[in-house]
Amino acid sequence: MSAAQRLEEARGLLAEHPVVDGHNDLPWALRNQVRYDLDRRDIGADQSAYLHTDIPRLRAGGVGAQFWSVYVRSDFAGDEAVSATLEQIDAVGQLIDRYPGTLVRALTADDMEAAREQGRIASLMGAEGGHSINNSLATLRALHRLGVRYMTLTHNDTIDWADSATDEPRHGGLTDFGREVVREMNRVGMLVDLSHVAATTMRDAIAVSSAPVIFSHSSARAVCDHPRNVPDDVLELLPVNGGVAMATFVPKFILPAAVEWTAAADENLRAHGFHHLDTSPEAMELHRAFEAGRPRPVATAATVADHLDHMREVAGVDHIGIGGDYDGTAFTPSGLDDVAGYPNLIAELLARGWSRADLAKLTWSNAVRALRDAEAEARALSASRGPSNAHL
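Residues numbered from 1 in each chain as written. Predicted model: local features only at pLDDT ≥ 70, side-chain atom pairs only at ≥ 80, totals over all residues. Heavy atoms only, no water.

Novice: Can you help me understand the nonpolar core in this one?
Specialist: For soluble globular proteins, the rule of thumb is that nonpolar side chains tend to be buried together. Judged by nonpolar contacts, the single largest core of 87 residues is most densely connected at Met-151, Leu-153, Trp-161, Leu-194, Tyr-342, Leu-345 and Leu-362. Counting residues per element, this core draws most heavily on helix α14 (residues 301–315), at seven residues. Formed by 22 residues, the second largest nonpolar core is a distinct cluster that contains Ala-65, Ala-106, Ala-367 and Leu-371. (Core = buried A, V, L, I, M, F, W, Y, C linked by side-chain atoms within 4.5 Å. Buried < 20%, exposed > 50% of the residue type's maximum accessible area, 1.4 Å probe, protein only. Helix = DSSP H or I, 4+ residues; strand = E, 2+ residues; numbered from the N terminus.)

Dropping the structure here:
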């Protein structure tokens, strides 16, 4: 089969089994660039000059369900973090209302399947960082009622009850309150997301969780030794837990040569007064100037496929997925430049001998099944116990 034939087969497969992507930071990009002015960033039309994501490219990429990240920076704290998270949730609602022919709110696995049948993109939400609940289980429950279906326990900074992968540890994983957060997430049916957390936190959360966990955007540490990735001993726990690790496309997490380069590029941003996660046109102009004098190591679809090959071998094909982190990263792999690129990854996996059945699990079935199982566990737990009012 030629490369062109594989790409055509990949597109056909995605028409039947579209991508459930675990993490897209479009809401934060809209906040950062235009303060949610959707007329200035009309994703119904091509926005490739500013964003990785718009509706034409979501369609071209074969995306059938998207977990929109309602992320706020981890230097936001207390009520500021909560209110900013609510603004992010509102932004997703505005997008769904503005494009009803394409986007549809999804709260359950059944909603995801219904959206697929309708040819629309199921729109779910994930909160990125436990700082968003301000140490309040009541706030956690409120986010769930507003439609948030996963929460990443930390972002880049260690919080009062959980250690982050990219900060100094303070707790050795989860505290007692952190374990109660996991139990309450299980009870309400909110998926526990372990991207960004320390390996000790991963292990603690899986030990406590009676529902499947996810990694919404993390790859394999054995392939690229970055703390944001998942160690093999944790991947080995997923078959028993029922969880899903969704490989990310961020070059500094998947390509060893990109780690040091990106650290230097981020420091250049900070030296010019920008946050290192800024993906605005102004920040990208600085990046391009930096790259002109120091060429950037470039990941490809094959780089991501190397991670997925390894994750399939260790965790099993029933426990892997895709979480690109588009609009949350300045750089993307060649061939996976934006949300239109998923067929290139599927074509690469076809070239490596992945079956259609295995690819259908990767793109669609595994993520839907994890949410469905979390819903079933929530029904069982809610029948036996009420809300937790634990506090720090």
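Novice: I tried to follow the pairing of strand β1 (residues 19–24) on my own but got confused; where do I start?
Specialist: Consecutive side chains of a regular strand alternate in pointing toward one face of the sheet and then the other. Of all the six residues making up β1, six are buried; the element is thus mostly covered by neighbouring parts of the structure. Direction of pairing for β1 relative to strand β2 (residues 63–69): parallel, over a ladder of four bridges. Bridged to Asn-24 within β2 is Trp-68. (Pairing = 2+ DSSP bridges.)

Novice: Please clarify how the layout of surface pockets should be interpreted in this entry.
Specialist: A water-sized probe rolled over the atoms picks out the places where empty space is left. Quantified by volume, the largest pocket comes out at close to 610 Å³. In this structure, the largest pocket is lined by 37 residues; those nearest its centre are Lys-252, Phe-253, Asp-266, His-276 and Leu-277. If you list the elements that add at least two residues to the lining of the largest pocket, you get α11 (251–254) and α12 (256–271). Broken down by element, the lining of the largest pocket gets its largest block of residues, seven residues, from α12. Broken down by class, the residue content of the lining of the largest pocket amounts to 14 nonpolar, 13 polar and ten charged. Within this model, the second largest pocket holds a volume of roughly 440 Å³. Around the second largest pocket sit 23 residues that line it, and Ser-48, His-52, Met-284, Arg-288 and Ala-330 are the ones nearest its centre. Top element by residues in the lining of the second largest pocket is helix α13 (residues 281–293). It accounts for four residues. Of the residues in the lining of the second largest pocket, the class split is nine nonpolar, seven polar and seven charged. (1 Å grid on protein atoms, 1.4 Å probe; cavity = no way out; pocket = protein on both sides within 12 Å on 5 of 7 lines; lining within 4 Å. Points joined across faces, edges and corners; volume = space filled by probe spheres on them. Nonpolar A, V, L, I, M, F, W, Y, C, P; charged D, E, K, R; others polar.)

Novice: Help me understand helix α15 (residues 342–351) in this model?
Specialist: Of all ten residues making up α15, seven are buried, and the element is well covered by its neighbours. Listed as buried for α15 are Tyr-342, Pro-343, Leu-345, Ile-346, Ala-347, Leu-349 and Leu-350. In the segment just after α15, Gly-353 is the residue with positive phi, at about 95°.

Novice: Please explain empty space enclosed by the protein as it appears in this structure.
Specialist: Taken as a whole, this structure holds one cavity of 30 Å³ or more when the rule is applied. Of the volumes computed, that of the largest cavity is approximately 50 Å³. At the level of secondary structure, the elements contributing two or more residues to the lining of the largest cavity comprise β8 (244–247) and α16 (356–384). Of the residues that constitute the lining of the largest cavity, the class distribution is seven nonpolar, no polar and no charged.

Novice: Hey, could you run me through helix α4 (residues 78–98) in this one?
Specialist: In an α-helix, one turn spans 3.6 residues; hence positions three or four apart end up facing the same way. For α4, with 21 residues, the first-to-last C-alpha span of 31 Å sits near the 30 Å given by 1.5 Å per residue. Buried within α4 are the following residues: Ala-81, Val-82, Ala-84, Thr-85, Gln-88, Ile-89, Ala-91, Val-92, Gly-93, Leu-95 and Ile-96. The inward-facing, buried residues of α4 contact α2 (26–34), β2, β3 (103–105), β4 (121–128), α6 (137–145) and β5 (148–152). (Expected span 1.5 Å × (residues − 1). Contact = heavy atoms within 4.5 Å.)

Novice: Help me understand the packing of α15 against α16, please; the structure alone is not making it clear to me.
Specialist: Pairs of packed helices are described in terms of their axes, by the angle between the two and the distance that separates them. The geometry of α15 relative to α16 is characterised by a closest axis approach of 11 Å and an angle of 155° between their N-to-C directions. The angle between α15 and α16 falls in the class roughly antiparallel. When you trace α15 past α16, the crossing you get is right-handed. Contact residues: Ile-346, Leu-349 and Leu-350 in α15; Leu-359, Leu-362 and Thr-363 in α16. (Axes fitted to C-alpha atoms, helices over the stretch in contact; angles between N-to-C directions. Parallel < 35°, antiparallel > 145°, perpendicular 65-115°, else oblique. Left-handed = near helix turned anticlockwise from the far one by under 90°.)

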